Amino acid sequence: MYRRLLIAVPYLWLLLLFLVPFGIVLKISLSDLALARPPYLPQIDVSKGWEGFANFLSGLDFENYVWLTGDDLYWKAYLSSLRIAAISTVLTLLVGYPLAYGMARAPREWQPTLVMLVILPFWTSFLIRVYAWIGILSTEGYLNQFLMSVGIIDIPLKILNTNTAVYIGIVYTYLPFMVLPIYAALERLDGSLLEAAEDLGSSRAGAFWLITWPLSRPGVVAGCFLVFIPVIGEFVIPSLLGGSGTLMIGKVLWEEFFSNRDWPVASAVAIVLLLILVIPIVLFQRNEDRAREAER
Amino acid sequence: MSQPVFAPWEVPEAEPLIRFESVSKTFGEFTAIDALSLDIFEREFFALLGPSGCGKTTMMRILAGFEAPTSGRILLDGQDIAPVPPNKRAVNMMFQSYALFPHLSVWDNIAFGLRREGMARDLLAARVDEMLRLTRLEKFARRKPHQISGGQKQRVALARSLAKAPKLLLLDEPLGALDKKLRQETQFELMDIQEKTGTTFVIVTHDQEEAMTVASRVAVMDEGKLIQVDTPDRIYEAPNSVYVADFIGNVNIIQCVVSPDDEDSRVRLEWGDGRTPLWAQGEFGAGRRLSLAIRPEKIQVSRRKPDGVANAVYGEIVDIAYLGNISTFHVRLRDGKMLKAQIANTRRISRRSFSWEDHVWLSWSDTAGILLER
Ligand SMILES: Nc1ncnc2c1ncn2[C@@H]1O[C@H](COP(=O)(O)OP(=O)(O)O)[C@@H](O)[C@H]1O
Ligand SMILES: [Mg+2]
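## Description of the overall build of chain A
Point 1. Of regular secondary structure, chain A possesses 13 helices and two strands.
Point 2. Computed over C-alpha atoms, the radius of gyration of chain A comes to 24 Å, more than 25% over the 19 Å expected from 2.2 N^0.38 for 296 residues, which places it beyond the range of a compact globule.
Point 3. Summarising its shape, the C-alpha atoms of chain A cover approximately 80 × 65 × 35 Å along the three principal directions.
Point 4. For chain A, buried positions account for 41% of its 296 residues.
Point 5. Intrachain contacts of chain A at a sequence separation of at least 6 include 72% that bridge at least 24 residues.
Point 6. Accessible surface, chain A as shown: approximately 17300 Å² in total, 70% of it carbon and sulfur.
Point 7. Averaging the positions of the 20 positive and the 23 negative side-chain charges in chain A gives two centres separated by 4 Å.

## Some details on the overall build of chain B
Point 1. Per the secondary structure count, chain B includes eight helices and 20 strands.
Point 2. If one aligns the C-alpha atoms of chain B with their principal axes, the spans along those axes are about 80 × 50 × 50 Å.
Point 3. Here chain B, with 374 residues, has 49% of them falling under the buried criterion.
Point 4. Within chain B, contacts between residues at least 6 apart in sequence are counted, and of these 67% link residues at least 24 apart.
Point 5. In chain B, the 49 positive side-chain charges and the 50 negative ones have mean positions that sit 7 Å from each other.

## Describing the pattern of salt bridges
Two side chains carrying opposite charge are able to pair once their charged atoms lie near each other.
Residues and elements named next belong to chain A.
Point 1. Following the criterion strictly, the structure yields 24 salt bridges over all chains and no others.
Point 2. Lys76 is paired through a salt bridge with Asp72; the nearest N and O atoms lie 3.4 Å apart. With Lys76 and Asp72 both in helix H4 (residues 72–105) and four residues apart, the pair spans about one turn of that helix.

## Quick notes on the site of ligand 1
Residues and elements named next belong to chain B.
Point 1. The environment of ligand 1 is made up of Phe27, Phe30, Ala32, Pro51, Ser52, Gly53, Cys54, Gly55, Lys56, Thr57 and Thr58.
Point 2. With respect to ligand 1, the backbone of Cys54 contributes an N or O atom lying 3.2 Å from an oxygen atom.
Point 3. Contact between ligand 1 and Thr57: an oxygen atom at 2.6 Å from a side-chain N or O atom of the residue.
Point 4. Isolated, ligand 1 exposes 560 Å² of accessible area, and the fraction of that covered by the protein chains is 60%.
Point 5. When residues of the shell around ligand 1 are traced back to their parent elements, those giving at least two are strand S2 (30–40) and helix H1 (56–64).

## Digging into the interface of chain A and chain B
Point 1. At the interface, 19 residues of chain A touch 21 residues of chain B.
Point 2. Between chain A and chain B, the buried area comes to about 1700 Å², and carbon and sulfur atoms account for 62% of it.
Point 3. Three residues stand out in chain A for area buried against chain B, namely Glu195, Asp199 and Leu200 of chain A, and they jointly supply 40% of the buried area on that side.
Point 4. At the junction of chain A and chain B, the tally comes to one salt bridge.
Point 5. Arg61 of chain B is the partner of Glu195 of chain A in a salt bridge, and the nearest nitrogen-oxygen pair spans 2.8 Å.
Point 6. Scanning the region where chain A abuts chain B turns up seven residue pairs in polar contact (both at pLDDT 80 or more).
Point 7. Sorting the residues of the side of chain A that touches chain B by element identifies helix H9 (191–199), helix H10 (204–232) and helix H13 (263–295) of chain A as the ones contributing at least two each.
Point 8. Examining the composition of the side of chain A that touches chain B, we find that seven residues originate from one element, H9 of chain A, more than from any other.
Point 9. Here the side of chain A that touches chain B is built from residues that sort into nine nonpolar, four polar and six charged.

## Structural notes on the sheet that holds strand S20 (residues 370–372) of chain B
All names here are of chain B.
Point 1. One open sheet accounts for five strands, arranged S13-S12-S11-S14-S20; its pairing is antiparallel. Because the sheet does not close on itself, it has two edges, and the strands there are strand S13 (278–281) and S20. Along the sheet, successive strands turn relative to each other by an average axial angle of 45°, direction set aside.
Point 2. Two elements, strand S11 (residues 252–258) and strand S14 (residues 289–294), share six bridges in a ladder whose sense is antiparallel. Across the sheet, residue Ile253 finds its bridge partner in S14, namely Ala293.

## Side note on the domain arrangement of chain B
Interface size, as often reported, equals the accessible area lost upon joining of the parts.
All names here are of chain B.
Point 1. As assigned here, chain B comprises domain 1 (8–246) and domain 2 (250–372).
Point 2. On a C-alpha basis, the centroid separation for the pair domain 1 and domain 2 is 39 Å.
Point 3. Facing the ten residues of domain 1 at the interface are nine residues of domain 2.
Point 4. Between domain 1 and domain 2, a total of about 740 Å² is buried, with carbon and sulfur atoms accounting for 55% of that surface.
Point 5. Broken down residue by residue, the surface that domain 1 buries against domain 2 is led by Tyr236, Val242 and Ala245, which jointly contribute 60%.
Point 6. Taken together, domain 1 and domain 2 are joined by one salt bridge.
Point 7. The partner of Lys298 in a salt bridge is Glu237, and the shortest N-O contact between them spans 3.0 Å.
Point 8. Counting every contact that joins domain 1 to domain 2 gives four residue pairs in polar contact (both at pLDDT 80 or more).
Point 9. Residue assignment for the side of domain 1 that touches domain 2 shows that the elements contributing at least two residues are helix H7 (232–237) and helix H8 (242–247).
Point 10. Of the residues in the side of domain 1 that touches domain 2, the class split is six nonpolar, two polar and two charged.

## With respect to the packing of helix H4 (residues 150–162) of chain B against helix H5 (residues 180–197) of chain B
All names here are of chain B.
Point 1. Taken N-terminus to C-terminus, the directions of H4 and H5 make an angle of 15°; their axes are 12 Å apart at the nearest point. In terms of their interaxial angle, H4 and H5 are classed as roughly parallel. Where H4 crosses over H5, the two elements pack in a sense that is right-handed. Facing H4, whose interface residues are Gly151, Gln154, Arg155, Leu158 and Leu162, H5 presents Leu182, Thr186, Glu189, Leu190, Ile193 and Thr197.
Point 2. Partitioned by chemical class, the residues of the contact of H4 with H5 number five nonpolar, four polar and two charged.

## Observations concerning the packing of aromatic side chains
Point 1. Enumeration over the complete set of coordinates arrives at 25 aromatic pairs over all chains.
Point 2. Taking the centre distance of 5.8 Å and the plane angle of 40° together, the rings of Tyr174 of chain A and Phe177 of chain A count as tilted. Of the two residues, Tyr174 of chain A and Phe177 of chain A both sit in helix H8 (residues 163–188), three residues apart, roughly one turn of that helix.
Point 3. Judged by its relative accessible area of 32%, Phe177 of chain A is partly exposed.
Point 4. Considering the side-chain rings of Phe225 of chain A and Phe284 of chain A, the 5.9 Å spacing of their centres and the 75° angle between planes classify their relative orientation as edge-to-face. Here Phe225 of chain A, found in helix H10, pairs with Phe284 of chain A, found in helix H13; they are 59 residues apart in sequence, far enough to count as distant. Pair check on accessibility: Phe225 of chain A and Phe284 of chain A agree, each one buried.
Point 5. An aromatic cluster is present here, built from Tyr40, Phe235, Trp254, Phe257, Phe258 and Trp263 of chain A joined pairwise through their rings.
Point 6. Note that Arg116 of chain B overlies the ring of Phe112 of chain B, its terminal NZ or CZ placed 4.6 Å from the centroid.

Quick notes on the rules
Residues numbered from 1 in each chain as written. Chains lettered and ligands numbered in written order. Predicted model: local features only at pLDDT ≥ 70, side-chain atom pairs only at ≥ 80, totals over all residues. Heavy atoms only, no water. Helix = DSSP H or I, 4+ residues; strand = E, 2+ residues; numbered from the N terminus. Rg over C-alpha atoms; globule rule 2.2 N^0.38 Å. Buried < 20%, exposed > 50% of the residue type's maximum accessible area, 1.4 Å probe, protein only. Contact = heavy atoms within 4.5 Å. Areas by Shrake-Rupley, 256 points an atom, 1.4 Å probe, with all protein chains shown as cover. Lys, Arg positive; Asp, Glu negative; His and termini not counted. Charge placed at Lys NZ, Arg CZ, Asp CG, Glu CD. Salt bridge = Lys/Arg side-chain N within 4 Å of Asp/Glu carboxyl O. Near = heavy atom within 4 Å. Polar contact = N/O pair within 3.5 Å; in protein donor to acceptor, adjacent residues only side chain to side chain. Buried area = accessible area lost by both parts, 1.4 Å probe. Nonpolar A, V, L, I, M, F, W, Y, C, P; charged D, E, K, R; others polar. Pairing = 2+ DSSP bridges. Axes fitted to C-alpha atoms, helices over the stretch in contact; angles between N-to-C directions. Domains from an automatic or database assignment. Parallel < 35°, antiparallel > 145°, perpendicular 65-115°, else oblique. Left-handed = near helix turned anticlockwise from the far one by under 90°. Phe/Tyr/Trp six-rings, centres within 6.5 Å; stacked < 30°, edge-to-face > 60°. Lys NZ or Arg CZ within 6 Å of the ring centre and 35° of its normal.

Here you go:
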C-alpha cells in the first residue's frame, strides 16, 4: 500500500503539472477565436449535461492548424528557431568543452570551487543578466567603448539587436548546462586509461581522440540536448537582444498570445512546438539510458 | 639433463637488458626510490617484492616512462631511455587496475597498440587472434570489458600488453584482484606465456608466494631500497637480513651472542642466562651480536630428547595451527621464549601424536639455521 502510494506521487505530479495543462492548451488550440472572456469558443455548458458536452465536442476542429500551414511566417519561425538552436548548441559546445576539460584536469582540491563558479550566475536573476548584456553590447556599450579606446575600431560595431547578440546571450546563459554534464563525464575518466593509451604507442593528442573524447561523449550529448531543447522555445533572449530580423517561434507565440490575443492559434503554435521537441527529448532519454547501461 | 641452467646474472660478461644505475626518485621531500642499482637480463621473469608503499609501482612507472628519475640512469639494451617518451618505448605495462578501454571490445582493446603502429589489416587480425588464443579469450572477443569477469579482464590486459611483442613487459600486481585459486592457475599461465613468448617480464607483487612461484629472480624492497636480489630458493634459504627472512615465509628469530669457544666453521651461541648454548654454521668473532633465523619446518618435534643432534630445547605446546597439509606448533620454552615448529600431516589428524600442553623436545642441526648480521 505504502509502496503504491510512493509510486503514485510522480504520476500524480505528471498528471497535475503536465497532462492537465497540456489538455487545456490542446483544447484551446482546437477552439475558435471569439470576442469573449476567455477569448475563445466553445465552452462546456455544464447545466445542459450530456447535450452541452456533445455541443462542445462538435465545436472543436483543426482549423487553427490548417491556418498555421497557410501562413509561411510560422514554418519559417520554426525552421529559424531550429537553426538558431543548432548553431548556438555547437557554439556552446565549442566554449563549454575546453572549459569542462580544464576543470576536470585542475587539482582535485580546486574542483568544487570551479563547479561553484560555473553555477554562480544562477544566483542572480536571469533577466538582470540578459539586461546586463544590453549594456555591454549596445552601440555605446562597454564593449564598443573598450574596442574604440584601444583603437581596434573607429566606428562602433552594431551587435545588439542582431543574431550575433542572440548567440552571445544564449551561449552565456546556457553554458552551465553544457559544462556540467561534460565535466561529470570527464571527471569520472580514469587517468590510467590515458597512460595505457600512451604506453601502447599513441601520442597525447591521439589518446585524447581515441579515449577521452569517446568516453566523454555521453556528457557531450546530454549537454547538447540540455541546450538545444530549451533554446528552440527561447523567448526572452531573442526579444531583448535580437532585432527585427531575429525570427524565433517563442517570440511568435508571445505575439499571438499578447498582441493578437489569438489564444487558439497561439495554442496551436505551442502544441506543434511540443511535437517538434518530442523528437530530441526522446533521443535525449535514449542517450541517458545508454549511458546508465554502460556504467553498470 | 644437458639443458643449461638459465642464470645470466652469474655470467660476468652477460649484457643486461635493463640496467638501473643508481636511480633515485623523490616526490618533494619524500624519497620513493633511493639510489637503486640493478641489472635485469633478457628472458628473465623478475619479481619485485615488498610491502605496500615501498616504491614498486614508482619503479615500474619510471621504466614505462611515466615518471622521470630524479637522478641516475636507466639503460635499455645499453641505451639511456631518459629521452624516449612512453609511446616510443619498447616497453609495455599491464596496469594494476587493468585500465581496459571501456568503450572498446576485447578485440579492439588488444588491437589498440597494433593500430598505433599502423600494422596492415590482415597481419593485425592474425596477431590479435593469436593473442586471443594464447590467453584463451576467443569466445569473448566481441564483448565489452564490463561484460566479462575479473579473471578475463586480467587476461585481456595481459594480451593487450603482449600484442606489440615488447622487449620488456611490466606487470603491476597483475593478480591482485583475483581469488586464490584463480590466482594460482593464472600464475602458471603467466609462466607458460612468458616461456612461449620469450619476453622479459618484470612483475610487481606484495605476495611472497606469488613471487617465489613465478620468478627466476626476486628483489626484496623496503623503503625505496633493494634489500636482496636473488633466486627464490636463495632468498628463502639464505636471506641476507632479518628483514628478508621475516618477509619471506615463517621464521624463528633468536637473538644471540657468539661465545669464545668455537670449532671449525661453526660457532657456539649464548642466547640467554641458563640456556644451553646453540651451535650454528658460520665464522664470526667472539662477542658478535647476531640473529639466528630458523625456518619452522627445519625444527623436529619429539617426546624424548633425540641423540646426536646439535641443538635441542625443551618446552610446552601452547597452540597448534592446523593448516591441512601441515601443522604449526607454538612451543613455549621454560623461560617464556616462543618457538614455532612445523610438521607435515602425513597421518590422519585423530592419530596425531602431539596435542596441547604436551611437553616436547625441539631439535635442529647446526646447518638448519642461518646467522644474520642485520
Ligand atoms: N606522484 C606522487 N607524489 C607523491 N608521492 C608519491 C607519488 N607517487 C608515489 N608516491 C609515494 O611513493 C611511495 C611509493 O609508492 P608506490 O611506488 O606506489 O608504492 P608500491 O610499492 O605500493 O607500489 C609511496 O609512499 C607513495 O605515497
Ligand atoms: Mg603499487
